[in-house]
Amino acid sequence: MSKKYTIQKSPFVVPTNDGKLIEEHFGNATDGNSKVSIAHMIAPPGWSEPFQTPEFEEYTYIIKGKKQFNIDGEIIVLEAGQSIKIEKHTRIQYSNPFTEPCEYLAVCLPAFSMGLVHREDS
């Protein structure tokens, strides 16, 4: 009988050039799961990425530090222990303009993929 669980001991580390650590535990890159992606991330101080309008819902839970969200022009800052759900088709920019790294978990439904994120040119 096959096991009814999967333990992830070696998440896929997404290559980045902005100092951000992205460890996908489940999702397209790790196990081909297009329904959901779960990633552990650490955004360094001063990090930001271009605006995007994803075709997926994104849930973010802050473990340490603070993360800034620019959602349709509204600035929201979350701190450790707080979480947010962002509806799909919402224009958003993620950043960490603070002096400490921000560690967080991100869950995307359906799974994150570059074809669905729709990042704007910076």
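Residues numbered from 1 in each chain as written. Predicted model: local features only at pLDDT ≥ 70, side-chain atom pairs only at ≥ 80, totals over all residues. Heavy atoms only, no water.

### A few points about the overall build of the protein chain
In terms of helices and strands, the protein chain carries two helices and ten strands. Relative to the globule expectation of 14 Å for 122 residues, the C-alpha radius of gyration of the protein chain, 14 Å, shows essentially globular dimensions. Based on the C-alpha atoms only, the size of the protein chain along its principal axes is roughly 50 × 30 × 25 Å. Within the protein chain, contacts between residues separated by at least 24 positions form 63% of all contacts whose residues are at least 6 apart in sequence. For the protein chain, the accessible area works out to roughly 7,200 Å², and carbon and sulfur atoms hold 53% of it. Counting 12 positive and 16 negative side-chain charges, the protein chain places the averaged centre of each group 9 Å from the other. (Helix = DSSP H or I, 4+ residues; strand = E, 2+ residues; numbered from the N terminus. Rg over C-alpha atoms; globule rule 2.2 N^0.38 Å. Contact = heavy atoms within 4.5 Å. Areas by Shrake-Rupley, 256 points an atom, 1.4 Å probe, with all protein chains shown as cover. Lys, Arg positive; Asp, Glu negative; His and termini not counted. Charge placed at Lys NZ, Arg CZ, Asp CG, Glu CD.)

### Points about the sheet that holds strand S6 (residues 66-71)
Reading across from one edge, S4-S9-S6-S7 is the order of the four strands in this open sheet, with antiparallel pairing throughout. Every other strand in the sheet has two partners, leaving strand S4 (47-48) and strand S7 (74-79) as the edge strands with one partner each. In this structure, S6 lies alongside strand S9 (residues 92-96), joined through four bridges in antiparallel fashion. Residue Ile71 lies in a different strand from S9, and its bridge partner there is Ile92. (Pairing = 2+ DSSP bridges.)

### Here we look at the UniProt feature "domain: Cupin type-2" (unreviewed entry) in the protein chain
Taken from the UniProt record, the annotation "domain: Cupin type-2" (unreviewed entry) applies to residues 40-108. End C-alpha to end C-alpha, residues 40-108 measures 12 Å, and it is 0% helix and 61% strand. (UniProt positions renumbered as here; feature names shortened; annotations may be inferred.)

### Looking at the side chain of His40
Among the secondary structure elements, His40 is positioned in strand S3 (residues 37-43). On the basis of relative accessible area, His40 is assigned to the buried category, the value being 15%. At a separation of 2.8 Å, a polar atom in the side chain of His40 contacts the side chain of Glu23. Looking at His40, its side chain comes within polar contact range of the side chain of Glu103, at 2.6 Å. Every residue in contact with His40, bar those within four places of it in the chain, is listed here: Leu21, Ile22, Glu23, His25, Ile63, Glu103, Tyr104 and Leu105. (Buried < 20%, exposed > 50% of the residue type's maximum accessible area, 1.4 Å probe, protein only. Polar contact = N/O pair within 3.5 Å; in protein donor to acceptor, adjacent residues only side chain to side chain.)

### Focus: unusual backbone geometry
The omega torsion of the bond from Leu109 to Pro110 falls at -10°, within 30 degrees of zero and hence cis. Residue placement: Pro110 occurs in the loop between strand S10 (102-109) and helix H2 (114-117). Backbone geometry at Asp72 places phi at a positive 50°, although glycine is not the residue there. Inspection of the secondary structure assignment puts Asp72 in the loop between S6 and S7. Note on Asp72: relative accessible area 59%, which makes it exposed. The backbone of His89 shows a phi angle near 65°, a positive value even though the residue is not glycine. Secondary-structure assignment places His89 in the loop between strand S8 (83-86) and S9. Residue His89 is classed as exposed on the basis of its relative accessible area of 56%.

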